[in-house]
Amino acid sequence: MQGVEESHLNAVIAVILEAAFAFWESTIEEALRPLSRTYGKGDTLGMDAMPEIIIINGLKVYDKFSIVVTEESSPRFADLNDHRLFRTVFICDPTDRSSIIKNAFSTIEQKNLTVAEVIDSPGFKETWEKDSGDPIGITGGCSAVTCIRRGVPIFSVIVNYMVRKLFLACDAGCYAFDIPTTQKKVDFREVTTCGQKIYFNGSVPHNRVKTFTTFMGKKDYWNNFIDSGFMSEDEMNKNLLYKLPGGPSRVLYLSTLQNVTMGFVMANGEKITEWVHWLPFVRFARRECNQSDPALTLFEVYQDRPWTKNNILMSTPPAYSIFKKVRGSNDMIVNVGKFSDYDNPSMIRSTLIVCPADNEWATRVVNQYGYRMICLYSE
């Protein structure tokens, strides 16, 4: 990594771990405390606000000129068209699957227990997997930060709160790192030296190429999926393995951390804070048997008459997409200049498919419908 990129990454690792330890050390009552009158949107809880405040403040101390985008609190971008003028943008999902965490914690009678005491208690992980999906290393509630530098997604850091693991995607590869139980300084070098290398599945069996997971929790998302034309409703009902997955960690379903091979994962018209963290994995994921070629492929799905949610397009044709071709190349950057069109850029939505690079069925179908392959640019 370049020196400045490693510095950015170490700053993110520091703040996301600080936020995680604050969450683990808080009581269940504090985590579930409603904050709608004092912070964020109407359904904000302590578990949402606490990590976000720590992450935003920490990144601003590190670089006051950077822009930090989150769902609860997001800046208004200046109206600039050149993506290179946005030097550093951090996009953050401080607490993903907070509604699932809330349901799990609401059954705890002793609300004065700390979050750490609860997640470490006998049977918690088994109950989580039974009620909220398995494996917990992927389905557990998490926090995620992705850095976009001059339009290029350079790394993602995801912390799974439920299993105390940090996941990293950067140009050194993809890693899983066991977070120490006591708070201490952790940096990029330690993660890549002591962490476990994550690889991604290849050679998807023919009977698994259509299996997938995406969010189908509300009617809007069902409509968006069906109208994408990617598969029929009958095929969807047959092949949808899980309809309420988390956002940032969803890409890990395609890794060797998942015991069952999956054909693809999809962002179903969801907000950017759910799926932007997949982009560095798309850039840097490799198969164990092939370290040279990318293991994953990214496609952007769009419709002639797309659905909207809160007045935002759920699937974006090229003219409205935040993915923009680099002049003189077929490679693309994240056009952060387009963020200025939104009062809150965290509301940007897209419909995206990530699949193993050798999933020929997915590649054929998306080409048949004219969807775009997104080849991410590397400076």
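The rules behind each value
Residues numbered from 1 in each chain as written. Predicted model: local features only at pLDDT ≥ 70, side-chain atom pairs only at ≥ 80, totals over all residues. Heavy atoms only, no water. Helix = DSSP H or I, 4+ residues; strand = E, 2+ residues; numbered from the N terminus. Rg over C-alpha atoms; globule rule 2.2 N^0.38 Å. Buried < 20%, exposed > 50% of the residue type's maximum accessible area, 1.4 Å probe, protein only. Contact = heavy atoms within 4.5 Å. Areas by Shrake-Rupley, 256 points an atom, 1.4 Å probe, with all protein chains shown as cover. Core = buried A, V, L, I, M, F, W, Y, C linked by side-chain atoms within 4.5 Å. Salt bridge = Lys/Arg side-chain N within 4 Å of Asp/Glu carboxyl O. Pairing = 2+ DSSP bridges. Polar contact = N/O pair within 3.5 Å; in protein donor to acceptor, adjacent residues only side chain to side chain.

Asks: Could you give me a rundown of the overall build of the chain, with the residues and numbers involved?
Replies: Each helix and strand in the chain was counted, giving 13 helices and 17 strands. Relative to the compact-globule value of 21 Å for 379 residues, the chain shows a C-alpha radius of gyration of 20 Å, a close match. Viewed in the frame of its principal axes, the chain has a C-alpha envelope of about 55 × 45 × 45 Å. Taken across its 379 residues, the chain has 59% of its residues classed as buried. Sequence separation of 24 or more characterises 70% of the internal contacts of the chain that already satisfy a separation of 6 or more. If you sum the accessible surface of the chain, you get close to 16000 Å²; carbon and sulfur atoms cover 47% of it.

Asks: Can you lay out the side chain of S26 for me, pointing to particular residues and giving the numbers?
Replies: Within the secondary structure, S26 sits in the loop between α1 (3-25) and α2 (28-32). Look past the residues within four positions of S26 in its chain and what remains in contact with it is A31, M50, L113, T114 and V115.

Asks: Give a description of the nonpolar core that names residues and reports values.
Replies: F23, W24, F105, M162 and L166 are the most contacted members of the largest nonpolar core, which has 57 residues in total. In terms of residue count, α1 provides more of this core than any other element does, 11 residues in total. Excluding residues that lie within four positions of it along the chain, F105 makes contacts with F23, I28, L32, K111, V115, V118, I119, F124 and M162.

Asks: Go over unusual backbone geometry with me, naming the residues and quoting the values.
Replies: Following D134, the chain continues to P135 via a peptide bond in cis, the omega torsion being 0 degrees. In this structure, P135 sits in the loop between α6 (124-132) and α7 (136-139). Here the phi dihedral of R97 falls at roughly 65 degrees; this positive angle occurs in a residue that is not glycine. By the element assignment, R97 lies in the loop between β2 (88-96) and α4 (98-106). Phi at R164 is positive, roughly 55 degrees, even though this residue is not glycine. Inspection of the secondary structure assignment puts R164 in the loop between β4 (152-160) and β5 (165-170). A residue is classified by how much of its surface remains accessible, and R164, at 12% relative accessible area, is buried.

Asks: Just give me the short version of the pattern of salt bridges, but keep the residues and values in it.
Replies: Side-chain pairing between opposite charges can occur once the charged atoms of the two side chains come close. Counted according to the given criterion, the structure contains 11 salt bridges. One salt bridge in this structure joins E235 and K210, with 2.9 Å as the shortest N-O distance. You can see E235 sitting in helix α10 (residues 233-239) and its partner K210 sitting in the loop between β7 (196-197) and β8 (212-213), a full 25 residues away along the chain. Among the residues examined, K210 registers a relative accessible area of 25% and is labelled partly exposed.

Asks: Break down the pairing of strand β11 (residues 296-301) for me, with residues and values.
Replies: Within β11, six of the six residues are buried, leaving the element largely enclosed by the surrounding structure. The alternating pattern of β11 places L296, L298 and E300 on one face and T297, F299 and V301 on the opposite face, and all of these are buried. Relative to strand β16 (residues 349-356), β11 runs antiparallel, the two sharing six bridges. Pairing of V301 across the sheet is with T351, part of β16.

Asks: Tell me what's going on with the environment of R349, and back it up with residues and numbers.
Replies: Inspection of the secondary structure puts R349 in strand β16. On a C-alpha basis, the gap between R349 and A22 in space is 30 Å, while along the polypeptide they are 327 residues apart. From its side chain, R349 meets the backbone oxygen of G269 in a polar contact 3.0 Å long.

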